[in-house]
Amino acid sequence: MPANRRFRNVVRIGPVQIGTAYDTRGREKHTAACTAPRCGFSADYDSRAAAELAARTHRCPVR
């Protein structure tokens, strides 16, 4: 079942968007997801700094 998340504090770093939401257990999670076509990168992090670092260093494998 897909998670319905309400993202807040969404920013974009290059092709990667970072948003903050609460997971199913009520903990705050930070998600980084690439919006480039056919990339498919997304990951959840416990801290905003980790999500921003992932966004800054992300390189899309598909060109």
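About the cut-offs
- Every residue gets a number counted from 1 within its own chain, in the order that chain's sequence is written.
- Local features in this predicted model are restricted to residues whose pLDDT is 70 or higher, and side-chain atom pairs enter the listing and the counts only when it is 80 or higher, whereas totals over whole chains, interfaces and linings include all residues.
- Side-chain figures throughout are based on the complete set of non-hydrogen atoms in the structure, without hydrogens or water.
- DSSP-based pairing: two strands are paired if at least 2 bridges between them are found.
- Runs of H or I in DSSP of at least four residues are treated as helices and runs of E of at least two as strands, each being numbered from the N terminus.
- Angles run from 0 to 180 degrees between N-to-C directions of axes, and those axes are lines fitted to C-alpha atoms, restricted for helices to the stretch in contact.
- Two residues qualify as a contact provided that any one of their heavy atoms is within 4.5 Å of a heavy atom in the partner residue.
- A 1.4 Å probe rolled over the protein chains alone gives each residue an accessible area, and that area as a share of the maximum for its type sets the label: buried under 20%, exposed over 50%, partly exposed in between.
- It is the directions from the helix axis to the C-beta atoms whose arc is reported.
- In protein, a polar contact requires one atom able to donate a hydrogen and another able to accept it; more generally it is a pair of N or O atoms within 3.5 Å, and residues adjacent in sequence count only if both atoms are side-chain atoms.

A. Representation of the sheet that holds strand β4 (residues 42-45). Spatial strand order, β1-β2-β3-β4: four strands in an open sheet with antiparallel pairing. Strands at the two margins of the open sheet, each flanked by one partner only, are β1 (8-13) and β4. Put simply, the sheet's adjacent strands are angled 20 degrees from each other on average, direction ignored. Note: strand β2 (residues 16-22) against strand β3 (residues 28-34), seven bridges, orientation antiparallel. When the bridges of β3 are listed, Q17 appears paired with A33. Against the sheet, helix α1 (residues 48-57) contacts β1, β2, β3 and β4, and its axis sits at roughly 160 degrees relative to β2.

B. Local environment of α1. Buried within α1 we find R48, A51, A54 and A55. With its buried residues spanning 125 degrees around the axis, α1 presents them on a single face. What points out from α1, more than 90 degrees from its buried face, is the exposed set A49, L53 and T57. In this structure, the buried side of α1 is in contact with β1, β2, β3 and β4.

C. Seen up close, the environment of R5. Checked against the element boundaries, R5 lands in the segment before β1. Through-space distance from the C-alpha of R5 to that of T57 is 25 Å; in sequence the pair is 52 residues apart. Those residues in contact with R5 that lie beyond four places of it in its chain are A21, T31 and D44.

D. Here's a closer look at the side chain of R48. Within the secondary structure, R48 sits in helix α1. Among the polar contacts listed, one links the side chain of R48 to the backbone oxygen of N9, at a separation of 3.1 Å. Setting aside residues up to four positions removed in sequence, R48 forms contacts with N9, V11, I18, G19, T20 and H30.

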